[in-house]
Amino acid sequence: QVQLVESGGGLVQAGGSLRLSCAASGRTFSSYSMGWFRQAPGKEREFVAAISRSGANTYYTDSVKGRFTISRDNAKNTVYLQMNSLKPEDTAVYFCAADTRSTAEAMQRGGIDYWGQGTQVTVSS
């Protein structure tokens, strides 16, 4: 069983930045592909970013490319999402995700094994 705990959400003005963190339990964090998803009110949960087990490969949805950066520290069992140039349309609950079986690239298509509880990000205009 893997437990994921997100932190770092909040209220920020458009153009601002936030850094989300996700701390994972377990001794095999480096064997998990990790990712971030988000869900805006009235919309389905959508893929945001994913990172491979070693951190060498990253994937992003088109709307955040060039603004968001996913990274991980396997020594700290933590994955991060640095969000810059935030827009009101980035407002959502952001969820950390872990996949023990698939590649980071495949996380874009779902099949996630573990989810965090979510952290609210609100971007005001």
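Residues numbered from 1 in each chain as written. Predicted model: local features only at pLDDT ≥ 70, side-chain atom pairs only at ≥ 80, totals over all residues. Heavy atoms only, no water.

Caption draft 1: Examining the state of the cysteines more closely. Counted under the stated rule, the structure contains one disulfide. Covalently, Cys 22 is tied to Cys 96 through a disulfide, its sulfur atoms 2.1 Å apart. One disulfide, between Cys 22 and Cys 96, carries an S-S torsion of -80° and so falls in the left-handed class. Residue Cys 22 is located in strand β3 (residues 18-24), and its partner Cys 96 is located in strand β9 (residues 92-99); the two are separated by 74 residues in the primary sequence. Among the residues examined, Cys 22 registers a relative accessible area of 0% and is labelled buried. A residue is classified by how much of its surface remains accessible, and Cys 96, at 0% relative accessible area, is buried. (Disulfide = S-S within 2.5 Å. Helix = DSSP H or I, 4+ residues; strand = E, 2+ residues; numbered from the N terminus. Buried < 20%, exposed > 50% of the residue type's maximum accessible area, 1.4 Å probe, protein only.)

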